[in-house]
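Now for the letters of each chain:
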Amino acid sequence: ISGYHMQEAGATLVQELAFTLADGREYVRAALAKGLDVDDFAGRLSFFFAIGMNFFMEAAKLRAARLLWTRIMQEFEPKKPSSLMLRTHCQTSGVSLQEQDPYNNVIRTAYEALSAALGGTQSLHTNALDEAIALPTEFSARIARNTQLILQNETGVTKVVDPLAGSYYVESLTNELAEKAWALIEDVEAMGGMTKAVDAGLPKRLIEEAATRRQAAVDKGEEVIVGVNRFRLEDEAPIDTLEIDNTAVRSSQIKRLEAIRRRRDSAAVTAALARLEEVARTGEGNILDAAVDCARARATVGEISDAMRAVFGNHVAEPKVVRNIYGKAYEGEPELSVLTERLDGVATKLGRKPRVMVAKLGQDGHDRGAKVIASAFSDLGFDVLAGPLFQTPEEAAAMAAAKEVDVIGVSSLAAGHKTLMPQLAEALKTTGGEDIIVVCGGVIPRQDYSYLMDNGVAAVFGPGTNVLDAARTVLDLIEGRRRNQ
């Protein structure tokens, strides 16, 4: 029952705690509605939290989680004491990792790992120092692994059940987190539970507002990130990163898929998929069991998804841009006034506001950066179009051309940029959008910048880019295009 992705998307610790436990409560109710006895499954539930840089608050969060989960489980009157217990895995934060001065990330991960251990996590994942730049190398992965081994074997923290117990500060933080999270859980209950809250867009909106608010604090220097907005190095030596040939990987996977389809029993696959669709349609039987049978018959993930899609359709989360968060943080600031005046000048020349589409391509579902950019650019005065998740380059190009945007900005965090960005540039040419400026940002190694520039990308914004700096660059590109037309 995961809260990790919520904090990575920008949730405060109160929001991560509340929404994760509210999810857990919803899952328990669903299992009971299927006729299961609470004591048959409650002890097998486990949670997954993110651990960021707020050291004592993160330890207190895990302590508060156990307290609140026991309170929630008591509602279901279990007989076994173990049914009241919260087990959790934790992972150090990916968002806290920085491209700039990346060896600082070793220190960040170590502090986060210690916080998780002091909070009482049952298991732990430590991120590698280069994950804000690329996939981990063997060198960086070994440091991440050894961070845990040293914590486990050399510090003694595993010899004490709750090392921070009795600290007034930690106990008060635990109590404060528990009270605030419970109030938010009660708000979710008043809406009819987490499923209805998600349908209404409450968690999504609150998390996106929190993410945008934090980005403004970082950009203004109110929240310090060493090596990014303070104590920056003038010159940074490049570090070795892992290079993945996405084209070769894709070709290899397609060949494996074709071989599986040749060897499998087609009749068995068809029968298993038909049963899955029937279970989905009637609600009679266990849909997970039916999906596992499909996998055993060697049906593909796509075929299994299509069988359920035929019944349920696709969930579509309507992209909405959070407003009046980033701009409010800069009210009265000369830097903002200068930028908005310049934006007004560009709008006058265009006859409308500069129009920017923020896109997510491929199977990259990490949209914190995209949502923050969309929200901030909207507050600055751009006309912003937020594209949906999981678009193909062709779909994004068609939308950008139809909406007559000036710039399409792609957020990439899943190492697909060298494949997807050239495809987008080509797709724009075939849809009448060849004049649209293409930019991208996210987890992109610096050594890939020149490749992207040679393949239709006008600017690349790496991790830690100040939003106002990005906005100024986008305006430069729009004005440059007008002069060249």
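Structure first, text after, so check above.
This write-up is about the structure you can find in this document. Predicted, not measured: the structure shown is a model, and the values here were computed from it. (Residues numbered from 1 in each chain as written. Predicted model: local features only at pLDDT ≥ 70, side-chain atom pairs only at ≥ 80, totals over all residues. Heavy atoms only, no water.)

1. Some details on the sheet that holds strand β4 (residues 355-359)
Quick note on the threshold: Only when DSSP finds a minimum of two bridges between them are two strands counted as paired. Under the scheme used here, helices are H or I runs from DSSP no shorter than 4 residues and strands are E runs no shorter than 2 residues, and both carry numbers assigned from the N terminus. Where helices are involved, their axes are fitted lines through C-alpha atoms of the stretch in contact, as for all axes, and angles between N-to-C directions lie from 0 to 180°.
Strands sit in the order β5-β4-β6-β7-β8 across an open sheet of five strands; the sheet is parallel. Each of the sheet's edge strands pairs with one partner strand only, and the pair in question is β5 (383-386) and β8 (459-461). Direction aside, neighbouring strands of the sheet carry axes that sit 20 degrees apart on average. Summarising the sheet, strand β7 (residues 437-442) and β8 pair through three bridges and their orientation is parallel. Counterpart to V439 in the pairing with β8 is A459.

2. Overview of unusual backbone geometry
The phi angle of most residues is negative, glycine excepted, and most peptide bonds adopt the trans form. In plain terms, the rule: To sort residues, take the accessible area from a 1.4 Å probe on protein chains only and compare it with the maximum for the residue type: under 20% means buried, over 50% means exposed, and anything in between is partly exposed.
Residue E77 is not a glycine yet carries a positive backbone phi of 50 degrees. Here E77 lies in the loop between α4 (55-74) and β2 (88-92). For E77, a relative accessible area of 60% corresponds to the exposed category. Phi at R298 takes a positive value of approximately 75 degrees, unusual for a residue other than glycine. Of note, R298 is situated in the loop between α12 (287-296) and α13 (301-312). R298 sits in the partly exposed class, given a relative accessible area of 45%.

3. Overview of the environment of V269
To keep it simple, the criterion reads: Residue contacts are defined here by distance: any two heavy atoms, one from each residue, within 4.5 Å place the two residues in contact.
By secondary structure assignment, the location of V269 is in helix α11 (residues 266-282). In sequence terms V269 and A295 are 26 residues apart; their C-alpha atoms lie 8.6 Å from each other. Excluding its chain neighbours within four sequence positions, the residues that come into contact with V269 are R264, A297, A299 and E303.

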